[in-house]
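Letter by letter, the chains look like this.
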Amino acid sequence: MCENCGCESPDPFQVHAGPDAGAAAHSHMPAHGHDSAPVTGWHAHPAENGSVTWHHHGDAAPRPLLDANQRAADLNRCYFRDHGILALNLVSSPGAGKTTLLKTTLERLHPHIGCAVVVGDLETQADAEALRPTGAPVIQITTGTVCHLDARMVAAAVARLPHTGLRLLFIENVGNLVCPASFDLGEAHRIVLLATTEGENKPLKYPPIFHGARAVVITKTDLAEPAGFRVELARQAITQVAPQAEVLTLSSRNGDGLDTWVAFLDRLLQAFDPRG
Amino acid sequence: MHEVSICEALLDQLTSLAAQQGWPRLRRVWVRLGLLSGVVPDALEFAFAAMATGTPAEGAELLLENEPGHFDCAVCGELELERMDFTCPQCGGALQLLRAGRDLWLSGVEPMPS
């Protein structure tokens, strides 16, 4: 029901001609997303020169403009939940060590926990080939010129994965700190990698990708000293942008911090309730 | 660079809105964006100008408004800012980003007066 006039019209753009022309004219827009959100009206402001501006306050709109991907992501999320698959979206800039960390992780985990990988790159099968010796099923998506994975690409790739015993799905996104931030893939958690060679202030420069991350993993800690990287400064920046994120530090090369990383994954698996 | 697909969605909405309301042309269009939308305003404006040709929004002015995000300052408490900033405008201290919108919405239109 429209809060402004009490009418039951389902037409989101219905115009009511008021007694004093213009002033009472308004339209109805369904609020999006939240079950309890009230229907919020658009309304018109007539100006003396005869023009009319239509607008609404707050976030009532026909639908958000990124809606197409969001719907596909919501479907993926349901699918993962129904199949008991914990999906993690791994994002970072190019060369932060996603593939190397995944390789090490799969070597440790896959013998015990069913893992699989969907990996996105602009070109080549190189990452998939690097990961296949671990024995985990790997699907490579080559995106061509597209700088991020979207929810539909992931759905198509997951359909090609063997599902038997699959519990943990790593989605290795295209190396890019900008575009992947805008595309929910339906994952349970986004995990951002930040290499010590990138500098401590990356979170402040790229807030959308860091905000809301479940964890930020500082990689290549063996290079922190030569790179002049100060972990405490990075922690501060992460806390400013993503206060909820857990911060882990590791080196895939010398093995430092890998136990903590694996324990973290184990904790996520324990906490993952497919019925929840 | 996903401004093109955003622009397609925007033009779809504008075209059906204009058809419903019988507006042949639009003069101004407002879009509200969350601080975490990741949209580059210049790129969106460029896409809009190029893609609106042949639609009721052809030649319309696109106005972008930022939806404020919520920040926390250890000294001043919670505050709303319309731009991404990690320095408190009141005391100069460090800010924490509590929450901000990721999406963007058509928030207003002005039809060309007939």
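Residues numbered from 1 in each chain as written. Chains lettered and ligands numbered in written order. Predicted model: local features only at pLDDT ≥ 70, side-chain atom pairs only at ≥ 80, totals over all residues. Heavy atoms only, no water.

Considerations on the overall build of chain A
The cut-off we apply is this: Here a strand is any run of E in DSSP of at least two residues, a helix any run of H or I of at least four, and the numbering for each starts at the N terminus. Three labels apply to residues, based on accessible area from a 1.4 Å probe with only protein chains included: buried if under 20% of the type maximum, exposed if over 50%, partly exposed otherwise in between. When checking whether two residues touch, look at their non-hydrogen atoms; a contact exists if any pair is within 4.5 Å. Accessible surface area values rest on a Shrake-Rupley calculation with a 1.4 Å probe, where residue burial reflects the displayed protein chains alone.
Each helix and strand in chain A was counted, giving nine helices and ten strands. In chain A, buried positions account for 51% of the 276 residues. Considering only contacts in chain A between residues 6 or more positions apart, those separated by 24 or more positions represent 63%. Of the roughly 12,500 Å² of accessible surface on chain A, 52% is carried by carbon and sulfur atoms.

Description of the state of the cysteines
Residues and elements named next belong to chain A. Note the cut-off: Only a pair of cysteine sulfur atoms within 2.5 Å counts as a disulfide in this structure description.
Scanning the entire structure with this criterion turns up zero disulfides over all chains. Summary of cysteine pairing: cysteine 179 is not part of a disulfide, and the nearest cysteine sulfur, belonging to cysteine 147, is at 3.1 Å. On the basis of relative accessibility, which here comes to 6%, the residue cysteine 179 falls in the buried class.

Comments concerning the packing of helix H2 (residues 98-109) of chain A against helix H9 (residues 258-271) of chain A
Two quantities define a packed helix pair, namely the angle between the helix axes and the distance between the axes. Residues and elements named next belong to chain A. Note the cut-off: Fitted lines through C-alpha atoms serve as axes, helices being fitted only where they are in contact, and the angles separating the N-to-C directions of these axes extend from 0 to 180 degrees. Oblique is the label for any angle not under 35 degrees, not over 145, and not in the 65 to 115 range, which are roughly parallel, roughly antiparallel and roughly perpendicular in turn. Here is the rule for handedness: rotate from the far helix to the near one, and if that takes an anticlockwise turn smaller than a right angle the crossing is left-handed, while a clockwise turn gives right-handed. The residue classification treats Ala, Val, Leu, Ile, Met, Phe, Trp, Tyr, Cys and Pro as nonpolar and Asp, Glu, Lys and Arg as charged. All others, Gly included, are polar.
Interhelical geometry of H2 versus H9 gives an angle of 70 degrees and a closest axis separation of 11 Å. Here H2 lies roughly perpendicular to H9, going by the angle between them. Crossing of H2 against H9: the hand is right-handed. The segment H2 lies against H9, with Leu101, Thr104, Thr105, Arg108 and Leu109 engaging Leu258, Asp259, Trp261, Val262 and Leu265. Its residues assigned to classes, the contact of H2 with H9 comprises six nonpolar, two polar and two charged.

Focus on the packing of aromatic side chains
Under the convention used in this document: Each Phe, Tyr or Trp ring (for Trp, its six-membered ring) is paired with any other whose centre lies within 6.5 Å, and the angle between the two planes then decides the class: stacked below 30 degrees, edge-to-face above 60, tilted in between.
On inspection of all chains with the given rule, the structure shows three aromatic pairs over all chains. With a centroid separation of 6.0 Å and 25 degrees between ring planes, the pair formed by A:Trp261 and A:Phe264 is classed as stacked. Residue A:Trp261 and its partner A:Phe264 are both found in helix H9; the two are separated by three residues, about one turn of the helix. Just as A:Trp261 is buried, A:Phe264 falls in that class too. Summarising the aromatic geometry, the rings of B:Phe71 and B:Phe86 are spaced 6.2 Å apart at their centres and angled 75 degrees between planes, so their arrangement reads as edge-to-face. Taken together, the residues span a long stretch of sequence, with B:Phe71 in strand S3 (residues 69-73) and B:Phe86 in the loop between strand S4 (77-81) and strand S5 (95-99) at a distance of 15 residues.

Quick word on the sheet that holds strand S4 (residues 86-91) of chain A
Residues and elements named next belong to chain A. Quick reminder of the rule: At least two bridges found by DSSP between two strands are what make those strands a pair.
The sheet built from seven strands is open, its strands ordered S6-S5-S7-S4-S8-S9-S10 with parallel pairing. In this open sheet, the two edge strands, each paired with only one partner strand, are strand S6 (138-142) and strand S10 (246-249). Put simply, the sheet's adjacent strands are angled 20 degrees from each other on average, direction ignored. Of the pairings in the sheet, the one linking strand S5 (residues 115-121) to S6 comprises five bridges and is parallel in character. Residue aspartate 121 lies in a different strand from S6, and its bridge partner there is threonine 142. Sheet contacts for H2: S4, S5, strand S7 (168-172) and strand S8 (189-195); angle to S7, the most-contacted strand, approximately 165 degrees.

As for the pairing of strand S1 (residues 26-34) of chain B
All names here are of chain B. What counts is decided by this rule: Place the viewer so that the strands point away; then a crossover is right-handed whenever the path from the first strand over the helix to the second strand goes clockwise.
Looking at chain direction, S1 and strand S6 (residues 104-111) are connected through seven bridges and run antiparallel. Bridge pairing in S6 links leucine 33 to leucine 104. Here S1 runs beside strand S2 (residues 61-67); their pairing, made up of seven bridges, is parallel. Within S2, the residue paired with glycine 34 across the bridge is glutamate 67. Read as a crossover between parallel neighbours, the route from S1 over helix H2 (residues 41-51) to S2 is right-handed.

Considerations on the pattern of salt bridges
Close approach of charged atoms allows side chains of opposite charge to pair. Let me state the cut-off plainly: Salt bridge criterion: a side-chain nitrogen from Lys or Arg within 4 Å of a carboxyl oxygen from Asp or Glu.
Enumeration according to the criterion identifies 16 salt bridges over all chains in this entry. We note a salt bridge from A:Lys103 to A:Glu107, for which the minimum N-O separation is 3.3 Å. Of this pair, A:Lys103 and A:Glu107 both sit in helix H2, four residues apart, which is roughly one turn of that helix. With a relative accessible area of 45%, A:Glu107 lands in the partly exposed category. When the shortest N-O distance is used, the salt bridge between B:Arg99 and B:Glu78 registers 3.3 Å.

Quick look at the packing of helix H1 (residues 67-82) of chain A against helix H4 (residues 151-159) of chain A
Following both chains from N to C, one finds H1(A) and H4(A) inclined at 35 degrees, their axes separated by 8 Å at the closest point. Contacts from A:Ala68, A:Asn69, A:Ala72, A:Ala73, A:Asn76, A:Tyr79 and A:Phe80 in H1(A) reach A:Ala151, A:Arg152, A:Val154, A:Ala155 and A:Val158 in H4(A).

Some details on unusual backbone geometry
All names here are of chain A. Residues other than glycine seldom take positive phi values, yet threonine 124 does so here, at roughly 70 degrees. Position of threonine 124 relative to the elements: it lies in the loop between S5 and helix H3 (126-131). Phi angles above zero are rare outside glycine, and lysine 220 is one such case at about 60 degrees. Here lysine 220 is to be found in the loop between strand S9 (215-219) and helix H7 (224-227). The partly exposed category is assigned to lysine 220, whose relative accessible area is 26%.

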